[in-house]
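For reference, the chains in residue letters:
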Amino acid sequence: MLPTEFLASEPVLVMDHVAKSFGGVRALVDASLTLYPGEVHALLGENGAGKSTLLKTLAGVHRADSGSITLEGIPFIQGGTRDSIEQGVAVIYQEPSLFPDLTLAENVFIGRQLTAGGLVDWLAMARRSLALFERLGVTLDPHSKARGISIADQQIVEIAKALSTDARVIVMDEPTAALSSKEVERLFTVVRNLREQGSAVVFVSHRLDEVFALCDRMTVMRDGSTVGRAMISDTSEPEVVKMMVGREVSELFPKLEPKIGDVVLEVKNLSLAGQFADISFDVRAGEIFALAGLVGSGRSEVIRAVFGIDSYDSGSVILEGKTLPKGKPSVSMERGIALVPEDRRQQGLFMASSIARNVAVTLLKKLSSGLLVRRADEENTARRWAGTLQVKFADIADPVEKLSGGNQQKIVLSKWLATEPRVLIVDEPTRGIDVGTKAEVHKLLSQKAQQGMAIIMVSSELPEVLGMADRVFVMREGKHQGTLDRAEADPERIITLATGGVVSV
Amino acid sequence: MNALRNLVKARELPVFLALVLVVGIAGIANPGFISATGARDILLGVAIVAILAVGQTFVIVMRHIDLSVGSLIGFTSFLIGDLYSQGYGLWGGLAAALGVGMLVGGINGFLVAYLRLPSLVVTLGGLYVVRGIFNDYAFGRTITAAMVPPEVAWIGLNRLGGIPVLFLIGLVLVIVSGFIMRRVRAARDLYAIGSNPAAAELAGIPVARRVFTAFVINGSIAGLAGAVMLGRFNAANANSGLALELVVIAACVVGGVTIAGGSGSVWGAFLGAILLQAITRAIGALGIPQFWQQAFNGALIILAIAFDKYLSTRVKTTTIMGSDDA
């Protein structure tokens, strides 16, 4: 089949001007996607561009607020996951969705088990799934349990499931993220076979090289809208990156002139099997050092290891000339490192406890006499910090869950700033908070840096990285991909590095 | 060959071997233990727990639990005798028992499936609510032998082919349920729900409906089992069935019905019930003071869970290391 031949046929799926909001958040604004039978279609966009929401709408997990979806010319019924499956849509999710306790055969046919006379027909299921596995070129035992099989094999089982439903649209959400190169090749062969047989495959990947190797057409999304469509043969990687980023770096962040001092923290050849390998960098006093990269590139894992929450296999972390013991967050704290975690609800705060308690929890030793915490001191300390950070609250004894997301984030920050750290590590410091508070947080970080604090910032938001960082350390799949100075850093270069390309400066 | 391999891999095998071991040791120490009377004692004692364990399996494989069954079976056993003595006959009592069982199971199921409340808390509440209503209803009265319907008394006293009828009722229930759990689609969904609840939703399984139904089935079984309990003891009072749910859950866990959901079978739960009962009897036969029995059973539960954990962590390690072709 010639690359463009499929365009002569009728589209199998048309999603037109689809919009979807969750509460006040507009996840999809104006998303459109057209698929033809016999094509592999790349769906591209940054994290948070709305790809997953669009696909989940198709999968029946979400229902679109407006817009139209037609499948083979017929209006698509948005009932639920079962309706989507029955209409011929199969979605292979990024996170494994097999049933570990069931056999592979039953996993293939789950919810639609083959029956004979109303009873589950185990032999027929085993025979059919074996045939499907063979067609996909793998040797898997349909009788064995799904528990413990590799991610690559899990995907094959999911694809077999899709084939068993005669799905005409098969969606693969970042299927290659956890695969070795050999497994990726096997997957590509399978996808090409599906294309030969007339399926429409949606392929989501952040690896542009893969997209160019495999796909026929692409749709690019940004901020919940479709912003571009192209034949792969008519475009180039830089062009795609431009479409994905496509926005001006906002002037929201009042970056102050840095006063860079001596090296405070050195990370040398840090490795942890399966997470990251050979990570080295140093951070200076007064510097904001950004770790950039896609979600899952290993940034959070690196800082967790640096702080001591997780251990590591080899390498070392040196703070002001002295090596830190691995896996000891309490020592890191004492020696002057603070970590503001990514997920403030789960990792950063005691949601049901008071503001005072949350702020003071890092200082309990200082605020105690013997075994007892001096409550007045606790509250005064908390009040002082809440004032410094302009936290809006009614009563210092209120539980933090009563505060808005932005104010909660300020509480997490005060709790760690209260320890007066030499090195402050912040993981996604402004995720899910409003624009005003965001600017305040940025200002605060900038001020602290100017006062000589070394700041390591993990962020998935490019404008934030570009606005704040003195240097940008880009990671991809657990490896260092390149470091850019403030002057060199621009969205294209960062995305190119993060997606596996090479940048000349 | 394949059948043999499946047998060796089956979760029920270790339970069965443990049972053989217990019977063997007790038999050597006290030959009377293996006699027909000894076996009959075990089978008679096990029937109620086995029946409730079958129903409980429907719930536990979904990663849920139902603690209300002890109160429920006690209440319905009282109810059957009470209604009979008031002239509603056997069938009136059985219908009421089934109705109460379905109602309690339905309320549990509704709260768990549709309001998404944790089953542990919901059914713990159910345990006390049902017991409280039962106590008020019984109000110090007891059901005596004269108030037990003769058919119910008959199943408690008689044997078919030397096997107690009570046990045969349990056996039939296990055979039927075992078949359903293996061969009926909706029952297979219960395993899927317990194995990976999020994936079950994505696979288009009507999760809430299945969870609700399973609770209703378990409630119905516990309700009807009131007749079996009344037949066994030929009496009932406000304390009937007290703490029985714990023995039932113990039987399931010991029998390889994983508390984390997704695996185990009614046969396993059935064997687990027999094993616990055999240990109780063996302790008597070996001359060990009877109060050691509970400690033994408790240790066995912990052992079963540790065994399970060991199996699953072993599998997990291999996952992280990747499979052969990775």
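Details of the structure are given in the entry above.
Reference entry: report on the structure contained in this document. (Residues numbered from 1 in each chain as written. Chains lettered and ligands numbered in written order. Predicted model: local features only at pLDDT ≥ 70, side-chain atom pairs only at ≥ 80, totals over all residues.)

### Some points on the overall build of chain B
Right, on to step 1. In terms of regular secondary structure, chain B is built from 14 helices and 2 strands.
Right, on to step 2. Here the C-alpha radius of gyration of chain B, 20 Å, is about what a compact globule of 326 residues would show, namely 20 Å.
Right, on to step 3. C-alpha atoms of chain B, sized along the principal axes, occupy 70 × 55 × 35 Å.
Right, on to step 4. Counting all 326 residues of chain B, 50% fall into the buried class.
Right, on to step 5. In chain B, once contacts between residues fewer than 6 apart in sequence are set aside, the share between residues at least 24 apart is 79%. (Helix = DSSP H or I, 4+ residues; strand = E, 2+ residues; numbered from the N terminus. Rg over C-alpha atoms; globule rule 2.2 N^0.38 Å. Buried ≥ 20, exposed ≤ 12 C-beta atoms within 10 Å, placed from the backbone. Contact = placed C-beta atoms within 7 Å.)

### Notes on the overall build of chain A
Right, on to step 1. Summing up its helical and strand segments, chain A has 17 helices and 24 strands in all.
Right, on to step 2. Against the 2.2 N^0.38 benchmark of 23 Å for 505 residues, chain A shows a C-alpha radius of gyration of 25 Å, consistent with a compact globule.
Right, on to step 3. Dimensions along the principal axes, computed over C-alpha positions, put chain A at roughly 75 × 50 × 45 Å.
Right, on to step 4. Residue burial in chain A is summarised as follows: out of 505 residues, 49% are buried.
Right, on to step 5. When contacts within chain A are restricted to residue pairs at least 6 apart in sequence, long-range pairs at least 24 apart make up 67% of them.

### A few points about the sheet that holds strand β14 (residues 276–284) of chain A
Residue and element names in this part refer to chain A.
Right, on to step 1. The strand order across the open sheet formed by 4 strands is β14-β13-β16-β17, and the pairing between neighbours is antiparallel. Of all the strands in the sheet, just β14 and β17 (322–323) have a single pairing partner and so form its edges.
Right, on to step 2. Here 5 bridges tie strand β13 (residues 263–272) to strand β16 (residues 314–319), and the two strands are oriented antiparallel to one another. Its bridge partner being in β16, lysine 268 is matched across the sheet by serine 316.
Right, on to step 3. Contacts from helix α9 (residues 299–307) reach β13, β14 and β16, with the element oriented near 115 degrees to β13. (Pairing = 2+ DSSP bridges. Axes fitted to C-alpha atoms, helices over the stretch in contact; angles between N-to-C directions.)

### Re the packing of helix α2 (residues 12–29) of chain B against helix α13 (residues 266–285) of chain B
All names here are of chain B.
Right, on to step 1. Relative to each other, α2 and α13 sit at 20 degrees, their axes nearing to 9 Å. Looking at the two axes, α2 sits roughly parallel to α13. Here the hand of the crossing between α2 and α13 comes out left-handed. Here Glu12, Val15, Phe16, Ala18, Leu19, Val22, Val23, Ile25, Ala26 and Ala29 of α2 come into contact with α13, specifically with Trp267, Gly268, Leu271, Gly272, Ile274, Leu275, Ala278, Ile279, Ala282 and Ala285. (Parallel < 35°, antiparallel > 145°, perpendicular 65-115°, else oblique. Left-handed = near helix turned anticlockwise from the far one by under 90°.)

### Considering the sheet that holds strand β23 (residues 471–476) of chain A
Residue and element names in this part refer to chain A.
Right, on to step 1. The strand order β18-β21-β22-β15-β23-β24 describes an open sheet built from 6 strands, whose pairing is mixed. Both edges of this open sheet fall to β18 (337–340) and β24 (479–485), since each of them pairs with a single strand only. Adjacent strand axes in the sheet meet at a mean angle of 15 degrees when their direction is disregarded.
Right, on to step 2. Pairing geometry for strand β21 (residues 423–427) and strand β22 (residues 454–458), over 5 bridges, is parallel.

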